[in-house]
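Chain residues, written in single-letter form:
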Amino acid sequence: MKVMGWIKGLWVCLVAVGILVSITACSFGNDINKKIIVQGIGVDTAENGYLLSVHYLHAGAEDVTTDLIQTQGQTVFEALQNLTLQTGRIPTYAHNAMVVFGKDCAENGFTDVFDFFSHHYEIRPTVQLFVAHERAEALFRIKNSDSYLLAIQAKSYAEAGDSANTFTNSTILNITNQMASECHAFAVPELKSSHNENIQLGDIAYFRDNHLIGYFDREQTKGYLAAAHSLQSGSLVLDIPNIGTIGLKIKKTNKKVTAQIIDGIPHFQIDVTCDGYISEISRDIEKTISETTHQQFENALNQKLKTQIQLAVDQAVIRDQVDIFYFGSTLQQQQTAYWKAHKDTWGQDMVKMQYTVNVESSLEHVQREAAAAF
């Protein structure tokens with residue numbers, strides 16, 4: 001009898017658990033159907049405020065797909081609230097992977113549009129920010145077969161950008177901190193469509209006081225990353241006079257910036273070290289490599305990176321008065337008295353600054369497993 005009672009009790013427990021699981025599954029399913037699970041948001045200016053393009057997960061009868069919906073409002077918050085009025089469902093942002101601002105929106109400034117993304121409790125601080133080459137909505141509409149291309153590739157842009165050295169760590173958290181810094185400057189990667197309806201990383205857009213000011217091309221971007229951040233896993237092709245063409249892989253760069261005040265003018269020393277190796281080389285050149293030619297390779301790399309840094313500094317800082325290299329922060333740390341006296345006019349005074357660049361590279365010899373490419 002005790003055994004029978006134990007079996008009966010176990011059976012009752014199993015039935016109760018089954019009912020609970022069933023109720024939970026139904027509740028979860030109903031909850032999903034009441035929400036818009038946002039994957040990506042595009043922000044463009046509109047006649048009366050902002051036009052938002054939203055990629056979201058759509059649960060069909062057999063599978064889950066990504067769909068596109070657009071909404072408008074006088075503010076970003078109002079536009080997203082209007083999604084509920086349009087669909088009867090509540091948007092949730094925990095799975096959002098990216099925010100793309102249209103060029104017009106970036107030129108007008110992020111002051112009015114960024115607040116929602118930096119303060120909403122559901123939006124992760126690691127969400128990546130981009131600037132569209134033109135309108136963000138154009139990128140959100142591009143499809144590959146039946147899928148929206150931007151939604152498929154969202155996570156791959158950061159990885160591709162890191163390996164190609166065309167990407168800055170433009171997360172919501174980082175941009176928020178840079179907006180609040182003394183320099184009020186930050187950089188965001190560009191996304192653009194190609195002729196074959198593909199989407200790719202473009203140039204680097206840089207901002208001052210939350211407004212788009214200009215762009216770094218690929219060469220300047222490498223210089224910017226080397227002098228302000230770090231180059232990692234990048235590739236370079238060098239033409240060495242009287243020797244030929246070689247391919248290099250950069251492992252990593254490190255930088256150090258020091259400031260001095262000479263005759264009342266800030267002078268900055270930008271020191272960059274670079275580690276890499278020779279990845280591609282013709283067999284004829286490889287046979288004749290000596291310590292002298294190896295030094296020539298390193299000298300050519302030093303000059304290449306130096307030129308890239310100079311191009312970036314001259315354009316952004318000297319021409320456009322955007323302290324994207326954070327020279328102001330260096331003054332604040334190393335020349336405190338000067339900074340206290342000039343911080344209010346640094347936006348105008350930075351064009352008078354002087355700087356020198358020194359690059360020291362160390363290249364490993366030809367990696368024997370690398371195939372000759374030339």
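One numbering rule holds for all chains: residues counted from 1, following each sequence as written. Reporting in this predicted model follows two pLDDT cut-offs: at least 70 for local features of residues, and 80 or more for side-chain atom pairs to be given and counted; totals over whole chains, interfaces and linings ignore these cut-offs and use all residues. Heavy atoms from the whole structure form the basis of all side-chain values; hydrogens and water molecules are not counted.

Secondary structure elements follow DSSP: runs of H or I of four or more residues count as helices, runs of E of two or more count as strands, with numbering from the N terminus. Secondary structure summary: the protein chain contains 13 helices and 15 strands in total. Burial classification: accessible surface area is computed with a 1.4 Å probe over protein chains only, and a residue below 20% of its type maximum counts as buried, one above 50% as exposed, and the rest as partly exposed. Scored against the burial criterion, the 374 residues of the protein chain give a buried share of 45%. A sequence separation of at least 24 residues applies to 66% of the contacts in the protein chain between residues at least 6 apart. Working note: accessible area of the protein chain is about 19,300 Å², and carbon and sulfur atoms make up 51% of it. Working rule for contacts: check all heavy atoms of both residues, and any pair within 4.5 Å makes them a contact. In short, Shrake-Rupley with a 1.4 Å probe defines the accessible areas, and a residue's cover is counted only from the protein chains shown.

Before going further, it helps to examine the pairing of strand 10 (residues 199-208). Most of strand 10 sits inside the fold, with seven of its 10 residues counted as buried. In this scheme, strands are said to pair when DSSP sees at least two bridges between them. With eight bridges joining them, strand 9 (residues 185-193) and strand 10 adopt antiparallel strand pairing. Of the residues in strand 10, the one forming a bridge with Val188 is Ala205. Across five bridges, strand 10 lies against strand 11 (residues 211-216) in antiparallel orientation. Of the residues in strand 11, the one forming a bridge with Arg208 is His211. Counting the residues between successive antiparallel strands, the hairpin from strand 10 to strand 11 contains two residues, one of them, Asp209, with a positive phi of roughly 50 degrees.

It is generally the case that most residues other than glycine have a negative phi and that most peptide bonds are trans. You will see that Asn210, though not glycine, has its phi angle at about 70 degrees, which is positive. For Asn210, the location among the structural elements is in the loop between strand 10 and strand 11. On the basis of relative accessibility, which here comes to 15%, the residue Asn210 falls in the buried class. Of note, the phi angle at Asp263 is positive, near 55 degrees, even though the residue is not glycine.

The residue Gln335 is located in the loop between helix 11 (327-334) and helix 12 (336-342) in this model. Linking Gln335 and Thr258, residues 77 residues apart in sequence, is a C-alpha distance of 9.6 Å. Residues in contact with Gln335, not counting those within four places in the same chain, are Ala259, Gln260, Ile261 and Thr330. A distance of 3.0 Å separates a polar atom in the side chain of Gln335 from the backbone oxygen of Ala259. N or O atoms closer than or at 3.5 Å make up a polar contact, with two conditions inside protein: a donor-capable atom paired with an acceptor-capable one, and, for residues adjacent in sequence, both atoms drawn from side chains.

Looking now at the packing of aromatic side chains. Aromatic ring pairs are described here by two measures, namely the spacing of the ring centres and the angle between the planes. Aromatic contacts are taken between Phe, Tyr and Trp rings whose centres are within 6.5 Å, Trp giving its six-membered ring; a plane angle under 30 degrees counts as stacked, one over 60 as edge-to-face, and the others as tilted. This model, assessed by the stated rule, comprises 16 aromatic pairs. Charge over a ring is defined by NZ of Lys or CZ of Arg lying within 6 Å of the ring centre and within 35 degrees of the ring normal. Its guanidinium or amino end placed over the ring of Tyr148, Lys143 lies 4.8 Å from that ring's centre, counting from NZ or CZ.

We now examine the confidence of the model for the protein chain. Residues of the protein chain with pLDDT of at least 70 account for 80%, and the chain-wide mean is 82. No element of the protein chain has a lower mean pLDDT than helix 1 (residues 2-33), at 51, and none a higher one than strand 11, at 96. Residue-level confidence of the predictor is what pLDDT reports, using numbers from 0 through 100. Contacts for the low-pLDDT stretch residues 19-30, under 50 throughout, to residues beyond four places or in other chains number zero contacts.

Joining through side-chain atoms within 4.5 Å is the link that ties buried Ala, Val, Leu, Ile, Met, Phe, Trp, Tyr and Cys residues into a set, and such a set is a nonpolar core. Counting residues in hydrophobic clusters, the biggest one holds 49 residues, and the most contacted among them are Tyr224, Ile324, Phe325 and Phe327. When residues of this core are assigned to their parent elements, the largest contribution, eight residues, is made by helix 10 (residues 291-319).

Take the sheet that holds strand 15 (residues 354-364) next. Here four strands make up an open sheet; going across it, the order is 12-13-14-15 and the pairing mixed. Both outer strands of the open sheet, strand 12 (232-240) and strand 15, are each paired with one neighbouring strand and no more. With strand direction ignored, the average angle separating the axes of adjacent strands in the sheet is 35 degrees. As defined by bridge partners, strand 14 (residues 265-281) adjoins strand 15 across 11 bridges and the pair is classed as parallel. Within strand 15, the position partnered with Cys274 by the bridge is Ser361. Along the sheet face, helix 8 (residues 218-228) touches strand 12, strand 13 (244-262) and strand 14 and points at about 50 degrees away from the line of strand 13. Simply put, an axis is a line fit to the C-alpha atoms, just over the touching stretch for a helix, and the angle between two N-to-C directions goes from 0 to 180 degrees. Taken strand by strand, helix 11 contacts strand 13 and strand 14, and its axis lies near 45 degrees from that of strand 13.

Owing to its 3.6 residues per turn, the α-helix brings residues three or four apart onto one side. For helix 8, the tally of buried residues reaches nine of 11 residues, placing the bulk of the element in the interior. One side-chain oxygen at the N-terminal end of helix 8 lies 3.1 Å from the backbone nitrogen of Glu219; it belongs to Asp217.

As judged from the 16 bridges shared by strand 13 and strand 14, these two strands associate in the antiparallel manner. Note on strand 14: the bridge partner recorded for Ile262 is Ile265. Hairpin connection between strand 13 and strand 14: a loop of two residues separates the two successive antiparallel strands, and Asp263 in this loop has a positive phi of roughly 55 degrees.

We now examine the side chain of Gln178. Note that Gln178 resides in helix 7 (residues 172-179). Since its relative accessible area comes to 18%, Gln178 is described here as buried. Those residues in contact with Gln178 that sit more than four places away from it in its chain are His184, Ala185, Phe186, Ala187 and Tyr326.

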